[in-house]
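The primary structure of each chain is shown beneath.
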Amino acid sequence: MKSSDWLIFAIFLGCLAAVTKPLGLHLVNVLTPDGRTVLDPLLKPLERLTYTAMGVDPRSGQGWKAYTASLLLFSAIGCAISFAILHWQHLLPLNPQQLPGLRADLAFNTAVSFVTNTNWQSYPGETTLSYFSQMVALVFHQFTSAATGIAVAAALIRGITRHSTQSLGNFWADLVRIVYYLLLPLAFVFALFLISCGVVQNFHSTREATPLESPAHSQLITQGPIASQTAIKLLGTNGGGFTTANAAHPFENPTPLSNFVQMLAMISIASAMTWVLGRMTGNPRHGWAVWCAMLALLISAALLCHAAETRGNPLHQQLGVAASDGNLEGKETRFGLFGSTLYTTVATATSSGAVNSSLDSYTPLGGALPLILMQLGEVAFGGAGSGIYSMLIFVILTVFLAGLMVGRSPELLGKRIEAFDIKMIMAALLVVSLSTLGFSAWAAASGWGRAGALNAGPHGLTEILYAYSSATANNGSAFAGLNASSPPYLITLALAMLIGRFLVILPVMALAGSLAGKPALATGPGTFPVNGATFALLLLGVVLLVGALNFLPALALGPV
């Protein structure tokens, strides 16, 4: 790495550390029904009006079953409404290009994609969706799906901190407060910043331009409400781009400054959730220990990915024609090699899935690092909310294994870990690997699956494996070589998204309910400390071991 790259990396990590506590403190106030924020004078009346319109008592606590049922009901209704908007968009306003409605299978895939915080896109956005579809059917879910993930994380943390109770909070109150007091204000400010950087924000139709160097060939210039969608797609770790090129398009990500701040936006809320964990459990050192473990995974992946791309294509090396500046194929020169690989690492360490370079053009090991980050459960900070509850699964598993090694009953922050809790953890872990590997094997063994891959051999298998890893991890990024627009791909990818989202949330919520109902235990000499370097290293070992055992054979057949 160049000295300038090291400086950028150091500034990025410093900014990440700097925003973690202030944003975490704001999140704690947002997740507390009586919490006060600086936005109360402006938004409190709107919050009360929303509760009245919904017929919700925000102080009414819900058990894990009622909380989960509310979440599933809200998601199902939202998915159905989005499907209708996408399928019949030709009948709706804000469609200056008169774009037709989406096919039923594509509309289903897209609606599921956005309601699960995946934002997988099997279509070119700027030539497929109307502004109404982009702003109502999609952007709505970019706010609410991110809020849903944060709400689940809050419920699990409450389950750890509360005792002898069934209440995990109120889903509707959590949803409203997260959207009003966190996501909307941050997205508004961030959108204004993006506009100042040159990101487009208007309702103009696509314009035709004639290049001076080639007057016989016209070019379509995409316009639209790009800045507002880009802001929430990154803050909510959604990742779905307004344009097909996503963050590589100059209208979405024009400068190195916008590139830097976009990376910080993707990871900031997930980072702040570790401080929320420490504050709400009354053990700040535990929150920072989890943060350090996540940071170690992020730094390792970023450095390894950059090193692989700096070495360049191994085939070129064998032929003696490797470029001295590394593998620049598929990367934007305005961001450079490090700006591209760090963006890719952050987007797959979180559940964002935004891209500013072509992953299909990465070297085998350079492309393997984003794949591995998703298969580890996206716990290197992870998505908004989903990252911390995924890491807490590994935290509890680590405490359980440590208890087995020393022959003591495993405890986490005064809660005994019992058989039911471990069953829920294993259910959450197993559904992810079964979905990823099962659908990948089905596609690789089927004609429709192999037909969608641009390449044969290990690279083609990697394209397929990456698609189902991304769908199950609710990431949404893709190796660009895979054509996933056929009905079998659309349906199976949608099923993988649903499994990766809701069949993980179900056992997590059951785990939260189980922990909340337990009495608090006094800390004793046999209690395993969940802070400090020993715990962080053991946690990293469990994360890597589980990921390696589940996916190493598939990785050996693909990128390795």
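What counts, and at which threshold
Residues numbered from 1 in each chain as written. Predicted model: local features only at pLDDT ≥ 70, side-chain atom pairs only at ≥ 80, totals over all residues. Heavy atoms only, no water. 1 Å grid on protein atoms, 1.4 Å probe; cavity = no way out; pocket = protein on both sides within 12 Å on 5 of 7 lines; lining within 4 Å. Points joined across faces, edges and corners; volume = space filled by probe spheres on them. Helix = DSSP H or I, 4+ residues; strand = E, 2+ residues; numbered from the N terminus. Nonpolar A, V, L, I, M, F, W, Y, C, P; charged D, E, K, R; others polar. Expected span 1.5 Å × (residues − 1). Bend = angle between axes of the 7 residues up to and from the residue. Buried < 20%, exposed > 50% of the residue type's maximum accessible area, 1.4 Å probe, protein only. Axes fitted to C-alpha atoms, helices over the stretch in contact; angles between N-to-C directions. Parallel < 35°, antiparallel > 145°, perpendicular 65-115°, else oblique. Left-handed = near helix turned anticlockwise from the far one by under 90°. Contact = heavy atoms within 4.5 Å. Phe/Tyr/Trp six-rings, centres within 6.5 Å; stacked < 30°, edge-to-face > 60°. Lys NZ or Arg CZ within 6 Å of the ring centre and 35° of its normal.

**Here's the deal with empty space enclosed by the protein**
Under the defined criterion, the tally for this structure stands at 3 cavities of 30 Å³ or more. Roughly 340 Å³ of volume is contained in the largest cavity. Along its surface, the largest cavity is lined by 26 residues, and Gly377, Glu378, Ser390, Val432 and Val504 are the ones closest to its centre. Of all the secondary structure elements, the ones that give two or more residues to the lining of the largest cavity are α13 (364-375), α14 (386-406), α15 (419-444), α18 (487-516) and α19 (533-557). With 5 residues, α14 is the single largest residue contributor to the lining of the largest cavity. For the lining of the largest cavity, the per-class residue count stands at 12 nonpolar, 12 polar and 2 charged.

**Section: α18**
Compared with the 44 Å implied by 1.5 Å per residue over 30 residues, the 43 Å span of α18 between its first and last C-alpha is a close match. Ile499 marks where α18 bends most, by close to 25 degrees. Summarising burial for α18: 22 of the 30 residues are buried, a large majority.

**A closer look at the packing of helix α3 (residues 64-87) against α18**
The packing of two helices is summarised by the inter-axis angle and the distance between the axes. Viewed as axis vectors pointing N to C, α3 and α18 meet at an angle of 160 degrees, and their least axial separation amounts to 9 Å. With respect to their mutual orientation, α3 and α18 come out roughly antiparallel. When the axes of α3 and α18 are compared, the crossing they make is right-handed. Every residue of α18 that contacts α3 at Trp64, Tyr67, Thr68, Leu71, Leu72 and Ser75 is listed here: Phe502, Ile505, Leu506, Met509, Ala510 and Gly513.

**Remarks on the packing of aromatic side chains**
The tally for this structure, following the rule as stated, stands at 18 aromatic pairs. Centre to centre, the rings of Phe9 and Phe338 are 5.7 Å apart; their planes meet at 75 degrees, and the pair counts as edge-to-face. Of this pair, Phe9 sits in helix α1 (residues 3-30) while Phe338 is found in helix α12 (residues 336-349), placing the two residues 329 residues apart along the sequence. Taken as a pair, Phe9 and Phe338 share a single burial class, namely buried. Judged by centre distance (5.8 Å) and plane angle (85 degrees), the ring pair of Trp442 and Trp448 falls under edge-to-face. For Trp442, a relative accessible area of 45% corresponds to the partly exposed category. Within the aromatic cluster, the residues linked to one another by ring pairs are Tyr67, Phe74, Phe140, Phe171 and Trp172. A cation over an aromatic ring shows up here: Arg177 above the ring of Tyr181, its NZ or CZ 4.8 Å from the ring centre. In this structure, Lys331 is placed above the aromatic ring of Tyr362, and the distance from its NZ or CZ to the ring centre is 4.2 Å.

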